[in-house]
Amino acid sequence: MPSIHSFAADYNEARDKFLAAARIAGARTHRYDNPNKGPKGQALSTDVARLGPEDASRVVVTISSTHGVEGYCGSGFQVDWLANVGEAGLPKDTAAVFIHAINPYGFAWTRRATEEGNDLNRNYVDHGKPYPANEGYLEVADFLVPRDLSQATLDAADARLAAYRKKVGDIAYFRAVSGGQYSHADGMFFGGGGPSWSNRTLHAITDRFLRGRQDVAVIDFHTGLGPYGYGEPITHYDIDTPASRRVRAFWGESVTESKRGQTASQARDGLGHYGLNRVLTEPETRLTMCTLEFGTFDRESGQRAFRADHWLHKYGDPLGTEAGPVRAAMRRQFYPETDDWKEAVLFRGHQIVRQAIAGVQKGAG
């Protein structure tokens, strides 16, 4: 039975539980050391556990912590699957690859961002080309991350944001704020400046474990959007393409498609979805990928948590006394530490992975 005890209290415990579960499952593990340290000076790494035949033509992949602090969710699921399902859950010619804490800096520091200040899920653009423009972000940047967090300053900034939202409407507002921007390196949802360490590491993992495979399914665990505890499988493929039809064949009618405007996510550029699709291409590899987004609390409380986090790392002291409340708010927003939420994550996570394992058996059919 799934166990909520697979979830951890911090990055260190999450990593320890993941490696212990991998050993119990008999998985082969690989470590990618991040050059930075955590807030307590601890070493940081991305760890990979692999089960199944070395030459398996079908691979199911789970990724945790693309957005750092969101890693509690995916890590808890990965630990539970390794401990309670393991290789017995894999059909013939099928492997499972678990990528734990692809953004270990963000996980350890309780941030969504990487050590470079990147939103990793806006960083998988072609950095050799001009970055996408986000004119809306230019209008609101200074109000999203004001110089101080006094009540007067916040009230004034919120009034300007409310006026902009009223002028352009909700969709354009959220697209401006969270769609991704490449102009303010210390701002929210920044995706530029070159490939981040986590970006490069995911590509190294892909080269080692996924290239040349016939069918690859990827589930990237996220939190923060949607109804509390519900896991929404989101796809970013173009409408009515073979890949988008595979996503729906794998995961059914609960799939939402960003290109159809069916999801609250406004991310459009630099998604890991696009990064992997540039290197795992048909006809050599059929890649079927979804973002599994678990709802927590409302977007407004999320924006307040983002604001304080970015203010802390731009104007404050990330090791000072003001850091504690900021990190607590971020942690709560992206990891509601309640039993019912954890149970919902495990139920849906196991369902989605079972469907992915069944899906890759069908191949082109």
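Throughout what follows, the structure given in this document is the object of discussion.

Definitions and limits used
- By convention here, each chain's residues receive numbers from 1 onward along its written sequence.
- Where totals are concerned, whole chains, interfaces and linings use all residues; where local detail is concerned, this predicted model gives features only for residues with pLDDT of at least 70, and gives and counts side-chain atom pairs only at 80 or more.
- Heavy atoms throughout the structure, all of them, feed into the side-chain values; hydrogens and water do not.
- Here a strand is any run of E in DSSP of at least two residues, a helix any run of H or I of at least four, and the numbering for each starts at the N terminus.
- The quantity called the radius of gyration is restricted to C-alpha atoms. Its globule counterpart is 2.2 Å times the number of residues to the power 0.38.
- Surface accessibility in these figures is a Shrake-Rupley result with a 1.4 Å probe; residues are shielded only by whichever protein chains are displayed.
- All tallies of charge rest on Lys and Arg as positive and Asp and Glu as negative; His and the ends of each chain are not included.
- The atoms used to mark charge sites are NZ of Lys, CZ of Arg, CG of Asp and CD of Glu.
- Any two strands between which DSSP finds at least two bridges are classified as paired.
- By definition in these notes, contact holds between two residues if any of their heavy atoms fall within 4.5 Å.
- Orientation is described by axes fitted as lines to C-alpha atoms, over the contacting stretch for helices, and by angles from 0 to 180 degrees between their N-to-C directions.
- Relative accessibility under 20% of the residue-type maximum defines a buried residue, over 50% an exposed one, and the middle range a partly exposed one, all with a 1.4 Å probe and only protein chains included.
- Pairing of aromatic side chains here covers Phe, Tyr and the six-membered ring of Trp, requires ring centres within 6.5 Å, and sorts the geometry by plane angle: under 30 degrees stacked, over 60 edge-to-face, intermediate tilted.
- Definition used: whenever NZ (Lys) or CZ (Arg) falls within 6 Å of the ring centre and also within 35 degrees of the ring normal, the charge is taken to sit over that ring.

**Regarding the overall build of the protein chain**
In step 1: Within the protein chain, the regular secondary structure consists of 12 helices and 8 strands.
In step 2: Taken against the 2.2 N^0.38 rule, which gives 21 Å for 365 residues, the C-alpha radius of gyration of the protein chain at 20 Å falls within 12% of a compact globule.
In step 3: If you line up the protein chain on its principal axes, its C-alpha atoms span 60 × 45 × 40 Å.
In step 4: When the accessible area of the protein chain is evaluated, it comes to approximately 14,600 Å², of which 52% is carbon and sulfur surface.
In step 5: Treating the 43 positive side-chain charges of the protein chain as one cloud and the 44 negative ones as another, the clouds have centres 3 Å apart.

**Describing the sheet that holds strand E7 (residues 256-257)**
In step 1: Spatially, 8 strands are ordered E1-E2-E4-E3-E5-E8-E6-E7 in an open sheet, and the strand pairing comes out mixed. The open sheet terminates on both sides in strands that have one partner only, identified here as strand E1 (28-37) and E7.
In step 2: Summarising the sheet, strand E5 (residues 215-228) and strand E8 (residues 286-295) pair through 10 bridges and their orientation is parallel. What sits directly across from Phe221, in E8, is Leu292.
In step 3: Contacting E5, strand E6 (231-235) and E8, helix H9 (residues 272-279) runs over the sheet at an angle of about 170° to E8.

**A few points about unusual backbone geometry**
In step 1: For the peptide bond that leads from Glu282 to Pro283, omega is 10°, which places it in the cis range.
In step 2: Locating Pro283 in the fold gives a position in the loop between H9 and E8.
In step 3: The backbone of Ser65 sits at a positive phi, close to 75°, despite the residue not being glycine.
In step 4: Note that Ser65 resides in the loop between strand E3 (58-63) and helix H2 (71-84).
In step 5: By relative accessible area, Ser65 is classed as buried at 0%.

**Regarding the packing of aromatic side chains**
In step 1: Evaluation of the coordinates by the stated rule reveals 16 aromatic pairs.
In step 2: With a centroid separation of 5.6 Å and 70° between ring planes, the pair formed by Tyr11 and Phe107 is classed as edge-to-face. Remark: Phe107 occurs in helix H3 (residues 104-109) and Tyr11 occurs in helix H1 (residues 11-25); sequence separation between them is 96 residues. Comparing Tyr11 with Phe107 shows no difference in burial state: the two are buried.
In step 3: Ring geometry for Phe77 versus Phe221: centroids 5.1 Å apart, planes at 20°, classification stacked. Here the residue Phe77 occupies a position in helix H2, and Phe221 occupies one in strand E5, the gap between them amounting to 144 residues. For the residue pair Phe77 and Phe221, the accessibility class agrees, reading buried in each case.
In step 4: Feature note: the residues Phe7, Tyr11, Tyr72, Phe107, Tyr335 and Trp341 constitute an aromatic cluster, connected by ring pairs.
In step 5: Seen from the ring of Phe174, Arg299 lies directly overhead, with NZ or CZ sitting 3.8 Å from the centre.

**What about the environment of Phe297?**
In step 1: The residue Phe297 is located in the loop between E8 and helix H10 (299-314) in this model.
In step 2: On the basis of relative accessible area, Phe297 is assigned to the partly exposed category, the value being 22%.
In step 3: Every residue in contact with Phe297, bar those within four places of it in the chain, is listed here: Gly224, Tyr228, Arg332, Gln333 and Pro336.

Shape is all these values report; function is a separate question.
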